[in-house]
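Residue-level structure breakdown
Okay, here's what each chain looks like letter by letter:
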Amino acid sequence: MRHRTLLQRLGRKARGYVAKIRRLLRSVRVESAHPDDAWAHARLTPAEERVYAAMDPRDREHACRVAQALLRGHPDVGAEVVAAALLHDCGKSVRPYRVAERVLVGLIPNRVARLLPPVGAIGIRAHHPELGARLLAHAGARPRVCRLVARHHHPGGDPDATLLHEYDDRE
């Protein structure tokens, strides 16, 4: 039983890294991003729409893919979970990334990056869930959306945050 759990965990990690590499390759050119903004705006409050619109197009495209995959797998998921999926990376928008930074930052394990303060490209990436939650709260987003964004990398037993984390890792 323990052996199977370890293999399942390793398989999940491997799939996560493959998805991360695909995401990094797609993120090199901003011109190649085509987020489904109309679809996203229909699922957000006006305050959340403003935060979403300020995100990098590559992050918006990733967010749309995460939210749409989540809905395909769980069609009855709540509207706030979908909104959180669309906004989960909004904390990255506090500082624009240069292309090389996008690639390099994506290669550094989150556990290592979290040891740094929330400044610079690596620090922003490591702390983007908390930064995004603060950004959303300041904008007037729904409190549950803020909490889910804050917990999307460290769900802490919240089933909706766990779901968001799993779909973000897949995408």
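Check the entry above for the structure.
A brief structural summary. (Residues numbered from 1 in each chain as written. Predicted model: local features only at pLDDT ≥ 70, side-chain atom pairs only at ≥ 80, totals over all residues. Heavy atoms only, no water.)

**Things to note about a positive patch on the surface**
On the surface, a cluster of positive charge is made up of R9, R12, K13, R15, R111 and R170. Considering every element that reaches the positive patch, the biggest residue donor is helix α1 (residues 2–26), with 4 residues. Residue position: R15 is located in helix α1. (Patch = residues over 30% accessible without salt bridge, like charges linked within 9 Å, V, L, I, M, F, W, Y side chains within 5 Å. Areas by Shrake-Rupley, 256 points an atom, 1.4 Å probe, with all protein chains shown as cover. Salt bridge = Lys/Arg side-chain N within 4 Å of Asp/Glu carboxyl O. Lys, Arg positive; Asp, Glu negative; His and termini not counted. Charge placed at Lys NZ, Arg CZ, Asp CG, Glu CD. Helix = DSSP H or I, 4+ residues; strand = E, 2+ residues; numbered from the N terminus.)

**Overview of the pattern of salt bridges**
Per the stated rule, a full pass over the model turns up 9 salt bridges. A salt bridge links D37 to R60, with the shortest nitrogen-to-oxygen separation between them at 3.1 Å. In this pair, D37 is assigned in helix α2 (residues 37–41) and R60 in helix α4 (residues 57–73), connecting sequence segments 23 residues apart. Between E61 and R65 there is a salt bridge whose closest N-O contact spans 3.3 Å. Of this pair, E61 and R65 are both found in helix α4, 4 residues apart, which corresponds to roughly one turn of the helix. Classification of E61 by relative accessible area gives buried; the value is 15%. Among the ionic contacts, a cluster of salt bridges with common partners joins R144, R151, D158 and D160. (Buried < 20%, exposed > 50% of the residue type's maximum accessible area, 1.4 Å probe, protein only.)

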